[in-house]
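Summary of structural features
Chain residues, written in single-letter form:
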Amino acid sequence: MKKNILLYIAIVSIFSFNIYSQKAKVIAADKKYEKYAYIDAIKTYEKVAEKGYKSADIFEKLGNSYYFNGELDKAAKWYGELFAMTTDLEPVYYYRYSQSLRSIGENAKADQILDKFNQIAANDSRGTLFKKNRNYLDEIKANSGRYQIENAGINSKYSDYGTAIYSNKIVFTSARDTGSLGQRKHAWTNQHFTNLYSADLGDNMTPNSPKKFDKHINSRFNEATPTFTKDGKTVYFTRNNYIDGKKGKDANKITLIKIYKATLENEKWINISELPFNSDNYSTAHPALSPDEKILYFSSDMPGTSGQSDIFKVQINEDGTFGTPENLGNTINTEGRETFPFVTDENEIYFASDGHPGLGGLDVFVSKMNSNSAFGEVQNVGTDVNSPMDDFAYLIDTKSRRGFFSSNRAGGQGFDDIYKFLETRRLVCEQLLYGEITDLATAEILSDAKISLYDSRFNLIKNTVSDEKGNYSFAVECGETYNVRAEKTDYTTKEQKITIAKDNGKTHLPIALEKAQCKVAVGDDLGKCFGIKMIYFDFDKSDIRVEAAIDLEKILDVMNQYPNMKLDIRSHTDSRGTFKYNEALSDRRAKSTIKWLIKNGVNKNRLIGKGYGENQLVNKCADGVECTEEEHQLNRRSEFIITEL
């Protein structure tokens, strides 16, 4: 098949991202608080940051909060602050920052950040197109042994390939010629020009003797790879740039190939016309209709292709017009050749490629299409259909599991041959991704949380809501990497990455959400709202460090919001060291904390405090008891107890 006109085009894929955002409810800035009001932690973080306190943690939270709510211009500001402070960050921050920059028109800088993302995420499917470190030959072997293959019985010594089903017939491409005195050859390939042929199908989809399909469609040049509507009244097919006796050429005087359409009236194919997205300057070929006939898939090297050929799709409108062709993206398309698409009523796309890991030449691959047209893991269909040569033009009837494919493998009759098959075992690997949504602090189950499943490139696949027991689940593809996002009102959105096992089973991913806002009452610890476990001091000192000042700014902001709030500031140590020393040190630190707040505008009558040393341990770790460092850490804490509101 590589010797005929059919589009062998392959590309260097450009990594692309789809900007995505979840429109979570944004809390109004002017919301009034009641006596036991919610404290907007994000608002406080922003005030602290605006006052000049620099913390990567604060900038991350601010950037993320705006990003997840779709306010990308504000996210760009805080991610900018984050990157000004440090570039030692998780790769995902490079991705989010680049998308945020695009929202404000800073495309050049966004490209720079995205380039860096690709460098540091070299082993991440988001960062590169084709750098999967896997033993693909073992996977191909596991997918093999699923087909019974035999010659279709309609082959000639010439090239035969590219089948379609029409009115209980098989329609295919052939370079044979049963009518002319002198067979013309194509200058590119030195092979005969092709026409469409058809053969009636008998039992088990066995073709009978073939004959030329239709004289109105077949021309002096190449015709190939048709696809028909279910009512049999419309056909799309590939032909050289030739219509109404006129041959079109590109700037280099080359006649390329295009997709044409014809309709059946009174048993004649008429109204032959080229599709509007064709061009003299690039090729389009190998059309395939979606099961609902609303989308046409095809192969092309049109602008927007990453290299030689990609698979595209185009919407067919109700009035018969066409939308704008869309590239299927780099899950399907590679730097190699992607061509001959075929879409089933089981939401699977089969295609030929030499860019995905295969056995040599073109191999046939399959990918599951999700409800939003995102694609799952691309899998090689195995060594029965695939060979070291070119294997392509796969077609299957999903009810009988019978079909056809084409190959130029050894042992055939011609340059390319058509083979028929029976699929005896499905290529199925089923996985369930499931988990529970809980409150991080209390472990309480959280129902009605919105859970979103994204693929590795952050294309949204589907949404669900946690049930009354906090449970959620998704059917997912084996071996794929996903990003799972959990959202709930009054909680900080959380996103986790998960890679699914490559065999049948279940993958557990529990998600604990942290309160974005705290509802506090008299007796509560204000520090818990901001995760302040301890105000940090240098060893054996009571001077306020920069890290401590950042946390105290959070407390200060809340006290300014609530002028009637009073606090009891308590400092605690672990049991190591003498009792007297610990009590004195903790007391100095409590007083230093109070002094800092007073210096920054809090009336001293609103503050009391004391150091408790090791008097109020929260666990067993008293003198003489062996404990881990983590257990001792629980006792080293600062508390900001609300005594009045």
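Residues numbered from 1 in each chain as written. Predicted model: local features only at pLDDT ≥ 70, side-chain atom pairs only at ≥ 80, totals over all residues. Heavy atoms only, no water.

So, about the sheet that holds strand E8 (residues 234-240). Ordered by their spatial adjacency, 4 strands build an open sheet running E7-E8-E11-E12, and the pairing between neighbours is antiparallel. Looking at the sheet topology across the chains shown, the edges are occupied by strand E7 (223-228) and strand E12 (268-274). Across this sheet, the average inter-strand angle for adjacent strands is 30 degrees, counted without regard to direction. Bridge count between E8 and strand E11 (residues 257-265): 7 bridges; the pairing is antiparallel. (Pairing = 2+ DSSP bridges. Helix = DSSP H or I, 4+ residues; strand = E, 2+ residues; numbered from the N terminus. Axes fitted to C-alpha atoms, helices over the stretch in contact; angles between N-to-C directions.)

Okay, the packing of helix H7 (residues 546-561) against helix H8 (residues 579-599) next. With their axes 11 Å apart at the nearest point, H7 and H8 run at an angle of 60 degrees to one another. Classified by the interaxial angle, the pair formed by H7 and H8 is oblique. In this structure, H7 meets H8 at a crossing whose hand is right-handed. Each of Ala549, Leu552, Glu553 and Leu556 in H7 lies in contact with H8, whose residues at this interface are Thr593, Trp596 and Leu597. When the residues that make up the contact of H7 with H8 are grouped by side-chain class, the tally is 5 nonpolar, 1 polar and 1 charged. (Parallel < 35°, antiparallel > 145°, perpendicular 65-115°, else oblique. Left-handed = near helix turned anticlockwise from the far one by under 90°. Contact = heavy atoms within 4.5 Å. Nonpolar A, V, L, I, M, F, W, Y, C, P; charged D, E, K, R; others polar.)

Turning our eyes to something else, we now look at the state of the cysteines. Evaluation of the coordinates by the stated rule reveals 1 disulfide. Across a sulfur-sulfur distance of 2.1 Å, cysteine 621 and cysteine 627 are joined as a disulfide pair. Note on the cysteine 621 and cysteine 627 pair: the S-S dihedral is about -105 degrees, so by sign convention the disulfide is left-handed. Overall, the relative accessible area of 0% leaves cysteine 621 in the buried class. According to the relative accessible area criterion, cysteine 627 is buried, its value standing at 17%. (Disulfide = S-S within 2.5 Å. Buried < 20%, exposed > 50% of the residue type's maximum accessible area, 1.4 Å probe, protein only.)

What follows concerns the sheet that holds strand E34 (residues 607-613). Taking strand neighbours across the sheet as the criterion, the 3 strands line up as E34-E33-E35 in an open arrangement whose pairing is mixed. For this open sheet the edge positions go to E34 and strand E35 (638-644), each flanked by a neighbour on one side alone. Strand-to-strand, the axes of this sheet are offset by a mean angle of 20 degrees, without reference to chain direction. Two strands pair when backbone bridges link them, and strand E33 (residues 566-572) and E35 are joined in this way by 6 bridges, in the antiparallel orientation. If you follow leucine 567 over to E35, its bridge partner there is isoleucine 642.

With that settled, the discussion passes to the pairing of strand E22 (residues 402-407). Among the 6 residues of E22, 5 are classified as buried, and the element is accordingly described as predominantly covered. Pairing geometry for strand E21 (residues 391-397) and E22, over 5 bridges, is antiparallel. What sits directly across from aspartate 391, in E22, is serine 407. Counting the residues that bridge the hairpin from E21 to E22 gives 4 residues, and of these arginine 401 lies at a positive phi of roughly 60 degrees. In this structure, E22 lies alongside strand E23 (residues 417-423), joined through 6 bridges in antiparallel fashion. Paired with glycine 403 across the two strands is phenylalanine 421, which belongs to E23.

The periodicity of an α-helix, 3.6 residues per turn, causes residues three or four positions apart to be oriented the same way. Its 21 residues give H8 an end-to-end C-alpha distance of 30 Å, which sits within 8% of 30 Å, the value for a rise of 1.5 Å per residue. Among the residues of H8, Asn582, Leu585, Ser586, Arg589, Ala590, Ser592, Thr593, Ile594, Trp596 and Leu597 are the ones counted as buried. Structurally, H8 contributes buried residues whose contacts are with H7, E33, E34 and E35. Backbone geometry just after H8 places glycine 601 at a positive phi near 110 degrees. (Expected span 1.5 Å × (residues − 1).)

Next up on the list: the environment of isoleucine 316. Positionally, isoleucine 316 belongs in the loop between strand E15 (310-315) and strand E16 (326-327). We classify isoleucine 316 as buried; its relative accessible area is 13%. Note: C-alpha distance between isoleucine 316 and glutamate 293 (23 residues apart in sequence) is 7.7 Å.

Attention now moves to the pairing of E7. The buried count for E7 comes to 6 of 6 residues, which makes it a mostly enclosed element. Strand direction decides the pairing type here: E7 and E8, joined by 4 bridges, are antiparallel. The residue of E8 that forms the bridge with threonine 227 is tyrosine 236. With antiparallel pairing between neighbouring strands as the criterion, E7 and E8 make up a hairpin whose turn holds 5 residues, including glycine 232 at a positive phi of roughly 75 degrees.

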